[in-house]
Amino acid sequence: MIRRYTYGTPLPTDAVVKQLNTEPGAPDCLTVSKSTDGTVLSFPLPEEAMLFGLGEQLHGINKRGHLYRSWNSDDPQHTESKSSLYASHNLLLYAGPERSFGLFVDDPGEVIWDLGYTRMDAAVITVAGGGFDLYVITPEENEDRQLTAMCREFRGLIGRSYVPPRWAMGYLQSRWGYASEEDLVTVARGHRDKHIPLDGICMDIDYMERFKDFTWNREAFPDLPGLCECLKAQHIRVIPIIDAGVKAEEGYDVFDEGEEKGFFCKREDGKDFVTAVWPGESRLPDFFRPEVRAWFGEKYHRLLDAGAEGFWNDMNEPALFYTPEGLRRAYETADALRGALTEYDSSFKLSGAFNALANNPEDYRSFYHTVGDRTVRHDRVHNLYGALMTKAAAEGFAAYRAEKRYLLFSRSSYIGAHRCGGIWMGDNCSWWSHILLHLKMLPSLNMAGFLYCGADLGGFTANTTEDLLERWLQLGVFTPLMRNHSAQHTREQEIYRFSIWEMMRGTLSVRYALIPYLYSELMLSALTDGLYFRPLAFDFPEDRTACHVEDQLMLGTQCMIAPVYEQNAVGRHVYLPCDMLMVRFRTAEDYDMEPMAQGHHWIELKLNEFLLFIKRGCFIPLARPAEYTEAVTTERLRLLGWLNPGEKSTLRFYEDDGVTTQVSLREGVRDIAVDTGGAVQCDGSVCDTAGLVR
Ligand code: GLC
């Protein structure tokens, strides 16, 4: 059951698709009060209570014990001292000893989540803005998986998650620095020559003509359509980046048109808000206006015409490198300190003045949007900006070819954007701790509706190492978005460059063999409002040990993953919440399987080995590996599972053409039924039961 409570006058956010009437009175699970900082929602946190959700955020799967801030931030240092990343997903689930409930704070401004931080025994949520909707989710009492059930209800409220084209389940290679046709051809060749699977190459800002959106450098890319075609013939798609900031340059048509039509964000005095991002001086389209979205969305057609089939939207928090006002403030501080660096902190003030140039709160308070018939200051709706850019792109694709799926993932987001695209987790580092952070964000993102997501495998900033990339790929095998991306000037990170490339290729072979299963689970999650990744607590709420596992995830209906995330590890501890078949993969063709009892296990693992667990009584299909998704078929599937003698088991399996936007559960689903007597029925497909342990 979901109830809506309204405080003040909320701004439209487009997060929900079902309009619920506002309830009179207050919810019984929390106390609502007012403070100078805003509206305060608070509730006690008994010792046993756990908290889940908040989507893209730092810290644990259990969110208890920290302070979080919903404030979309361009911050490439994802350290434990931070409280925000690039997105705000204001869904929190409370699982207490006596009851469970969920909260969705639908407010696009700043929200502070003090979840047992100031006081260990209290949760205090402060909503800064003047009006918002609060949705309170309560499970049915007889429901035994209350957390999953609450998520399903919530997802019904916010609408169906984005489904990517099937090829987007393939491995994608990216790097900030690919600057010419030759660079892309080299990457394609590097993979194909060594038979390393690949389905797409992301083009970062270097493909553009001086960082201007919807252009490409005609010298470096004299024939982009020809390049796309040539790569497509090798089953490799091209995925350009688009940034939120539009370069201010007369003669650049996107800028000229935006100026002429008055489509850029304005300051209080009605003049354009001027900022700077990669292209230097830039303007921000006011994505809150439908006509601006339609205009911007239509610009993607240029690259679609050239053959691109996917995009990534970036810098859309929006990131501000500086503004003229900010520069003036910094220079004033510098002038005041000139010749007066006498105090111990004078130099800090000087450097601080310049460090504060980027993403400055004062700048976020100095421009406006048109929201319906209201003019709203940016900070009030800050967390929606990136989501609306995503919406602009999705609307642009629908206008281009409504029946075709396009790949889209964004850096910034808010709930609602999950209907339009996926996300990546931004500028992580080549740090071991970020493998674990990646894992922890996955189920929380799913709760908020973002199913197609993943992190930069190998790490974005800092230099990766061979073993770090290998271990990260082993987690990436299971994440819907599987992209290797790195920053310019870091160690080159394409698989074919490493001494252990064959090992990495073997790891990718597992991904490709699992694509029918992973795609099926992704689509079933989207079409039934389910969770592709879940904390163990969601499936085993009665098992105290399972509830507190922070480094394993349930995947789909049948599986569990437990990756290695420490350097030089020779194995890892795994907790099995029930009996499971352990599959220790080296490649799609080289693996061993061992039935294992519920409980604690130490599992030895070499660098090339990684784990997938299948619940006893279940099975999953494994296809023959391939070098691109189109070559992965379901014609001959091998089934892996652990069934008792005489036991029957059924897998709900989804399959479609992976291309058209018309998706239907009824048409795509079939049952694959197995009984250990030897009969396998799966509607036409031949299944090989050699992998079934009886
Ligand atoms: C941002 C993005 C990163 C990209 C870079 C250059 O930092 O998060 O992925 O490579 O900009 O475009």
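Residues numbered from 1 in each chain as written. Predicted model: local features only at pLDDT ≥ 70, side-chain atom pairs only at ≥ 80, totals over all residues. Heavy atoms only, no water.

Caption draft 1: The arrangement of the overall build of the protein chain in detail. Scanning the protein chain from N- to C-terminus turns up 16 helices and 40 strands. Over its C-alpha atoms the protein chain spans a radius of gyration of 25 Å, differing by no more than 12% from the 26 Å that the globule rule assigns to 694 residues. Taking the principal axes of the C-alpha coordinates as reference, the protein chain spans close to 80 × 65 × 55 Å. Relative to its 694 residues, the protein chain shows a buried fraction of 63%. As displayed, the protein chain offers around 25,200 Å² of accessible surface, 48% of which is attributable to carbon and sulfur atoms. A distance of 2 Å separates the average location of the 71 positive side-chain charges in the protein chain from that of its 99 negative side-chain charges. (Helix = DSSP H or I, 4+ residues; strand = E, 2+ residues; numbered from the N terminus. Rg over C-alpha atoms; globule rule 2.2 N^0.38 Å. Buried < 20%, exposed > 50% of the residue type's maximum accessible area, 1.4 Å probe, protein only. Areas by Shrake-Rupley, 256 points an atom, 1.4 Å probe, with all protein chains shown as cover. Lys, Arg positive; Asp, Glu negative; His and termini not counted. Charge placed at Lys NZ, Arg CZ, Asp CG, Glu CD.)

Caption draft 2: How the structure looks around unusual backbone geometry. Each neighbour pair has its own omega, and for E317 with P318 the value is -5°, a cis peptide bond. Residue placement: P318 occurs in the loop between β18 (310–314) and α6 (324–337). Its identity is not glycine, yet F211 carries a phi of approximately 60°, on the positive side. Within the secondary structure layout, F211 lies in the loop between β13 (200–203) and α3 (224–233). A positive phi angle, near 65°, is found at F214, a position not held by glycine. In this structure, F214 sits in the loop between β13 and α3. A relative accessible area of 2% means that F214 is categorised as buried.

Caption draft 3: Local environment of the site of the ligand. Close contacts around the ligand come from 13 residues, with D204, D314, R411, D427 and H485 the closest. Here an oxygen atom of the ligand sits 3.1 Å away from a polar atom, N or O, in the side chain of D314. In the environment of the ligand, an oxygen atom lies 2.9 Å from a nitrogen or oxygen atom belonging to the side chain of R411. Within the complex, the protein chains bury 98% of what would otherwise be the 310 Å² of accessible surface of the ligand. Tallied by class, the residues present in the shell around the ligand amount to eight nonpolar, one polar and four charged. (Near = heavy atom within 4 Å. Polar contact = N/O pair within 3.5 Å; in protein donor to acceptor, adjacent residues only side chain to side chain. Nonpolar A, V, L, I, M, F, W, Y, C, P; charged D, E, K, R; others polar.)

Caption draft 4: Molecular detail of the sheet that holds strand β29 (residues 559–561). With antiparallel pairing, six strands are arranged side by side in an open sheet as β27-β28-β29-β34-β31-β32. Edge positions in the sheet fall to β27 (533–534) and β32 (591–596), since each of these pairs with one other strand and no more. (Pairing = 2+ DSSP bridges.)

Caption draft 5: How the structure looks around the side chain of D199. Mapped onto the fold, D199 is located in the loop between α2 (181–193) and β13. One buried charge, D199, has no salt-bridge partner; the nearest side chain with opposite charge is R237, at 4.7 Å. Within polar-contact distance, the side chain of D199 engages the side chain of T629 at 2.7 Å. Setting aside residues no more than four positions away along its own chain, D199 makes contact with W167, G170, Y171, L172, H235, I236, R237, Y512, Y628 and T629. (Salt bridge = Lys/Arg side-chain N within 4 Å of Asp/Glu carboxyl O. Contact = heavy atoms within 4.5 Å.)

Caption draft 6: A look at the sheet that holds strand β4 (residues 50–53). Spatially, the five strands line up as an open sheet ordered β1-β11-β8-β7-β4, and their pairing is antiparallel. Unpaired on one side and paired on the other, β1 (2–8) and β4 mark the two borders of the sheet. On average, each strand axis in the sheet is inclined to that of its neighbour by 20°, with strand direction left out of account. Sheet analysis places β1 next to strand β11 (residues 131–137), joined by seven bridges and oriented antiparallel. By the bridge assignment, G8 is partnered in β11 with G131. (Axes fitted to C-alpha atoms, helices over the stretch in contact; angles between N-to-C directions.)

Caption draft 7: Highlighting the packing of aromatic side chains. With the rule as written, the count across this model stands at 35 aromatic pairs. Ring geometry for Y300 against F397: centres 5.7 Å apart, planes inclined by 90°, an arrangement best described as edge-to-face. Taken together, the positions of Y300 in helix α5 (residues 290–306) and F397 in helix α10 (residues 385–400) put the pair 97 residues apart, joining distant regions of the chain. With centroids separated by 5.9 Å and ring planes inclined at 70°, the aromatic side chains of Y331 and F354 adopt a geometry described as edge-to-face. Of this pair, Y331 sits in helix α6 while F354 sits in helix α7 (residues 346–355), and the two are 23 residues apart along the sequence. With relative accessibility at 31%, the residue F354 sits in the partly exposed group. Across the ring face of W216, the terminal group of R218 is positioned such that the distance to the ring centre comes to 4.0 Å. (Phe/Tyr/Trp six-rings, centres within 6.5 Å; stacked < 30°, edge-to-face > 60°. Lys NZ or Arg CZ within 6 Å of the ring centre and 35° of its normal.)

Caption draft 8: How the structure looks around the side chain of H438. Mapped onto the elements, H438 comes out in helix α11 (residues 433–447). In contact with H438, not counting residues within four places along its chain, are M425, G454, A455, L457, W472, L475 and T479.

Caption draft 9: Inspection of the pairing of strand β19 (residues 368–371) at higher detail. Relative to strand β20 (residues 374–377), β19 runs antiparallel, the two sharing four bridges. Each bridged residue has a counterpart across the sheet, and for T370 the counterpart in β20 is T375. Between the antiparallel neighbours β19 and β20 lie two residues, among them G372 with a positive phi of about 60°.

Caption draft 10: Representation of the pattern of salt bridges in the model. One pass over the full model with this rule turns up 53 salt bridges. The partner of K212 in a salt bridge is E249, with the nearest N and O atoms 2.8 Å apart. Placement of K212 in the loop between β13 and α3 and of E249 in the loop between β15 (246–247) and α4 (253–261) is noted, with a sequence separation of 37 residues between them. Taking the relative accessible area as the measure of exposure, K212 reaches 5% and is therefore buried. In this structure, D272 engages R283 in a salt bridge whose closest nitrogen and oxygen atoms are separated by 3.2 Å. In this pair, D272 is assigned in the loop between α4 and β16 (275–277) and R283 in strand β17 (residues 280–283), connecting sequence segments eleven residues apart. In terms of burial, D272 and R283 fall into one category: buried. Each of D14, R293, K391, E395 and R419 takes part in salt bridges that share partners, so that together they form one network.

Caption draft 11: The arrangement of the environment of V277 in detail. Looking at the secondary structure, you find V277 in strand β16. Residues V277 and F211, spaced 66 residues apart in sequence, show a C-alpha to C-alpha distance of 9.3 Å. In this structure V277 touches G245, S282, M315, A319 and F321, once residues within four positions along its chain are discounted.

Caption draft 12: Inspection of the packing of α5 against α10 at higher detail. Here α5 crosses α10 at 60°, and the two axes come no closer than 7 Å. By the criterion of interaxial angle, the relationship of α5 to α10 is oblique. You can see that α5 and α10 cross each other, and the crossing is right-handed. Taking contact as the criterion, the partners of R293, F296, G297, E298, Y300, H301, L304 and D305 in α5 are, on α10, L388, M389, K391, A392, A393, E395, G396, F397, A399 and Y400. Classifying every residue of the contact of α5 with α10 by side-chain character gives ten nonpolar, three polar and five charged. (Parallel < 35°, antiparallel > 145°, perpendicular 65-115°, else oblique. Left-handed = near helix turned anticlockwise from the far one by under 90°.)

Caption draft 13: View of helix α12 (residues 466–476). With ten of its eleven residues buried, α12 lies for the most part within the structure. Buried residues of α12: D467, L468, L469, E470, R471, W472, L473, Q474, L475 and G476, and no others.

Caption draft 14: Local environment of a negative patch on the surface. Taken together, the side chains of E140, E141, E143, D144, E153 and E542 make up a negatively charged region of the molecular surface. Tracing the chain through its elements places E153 in helix α1 (residues 146–158). The class of E153 is partly exposed, set by a relative accessible area of 32%. (Patch = residues over 30% accessible without salt bridge, like charges linked within 9 Å, V, L, I, M, F, W, Y side chains within 5 Å.)

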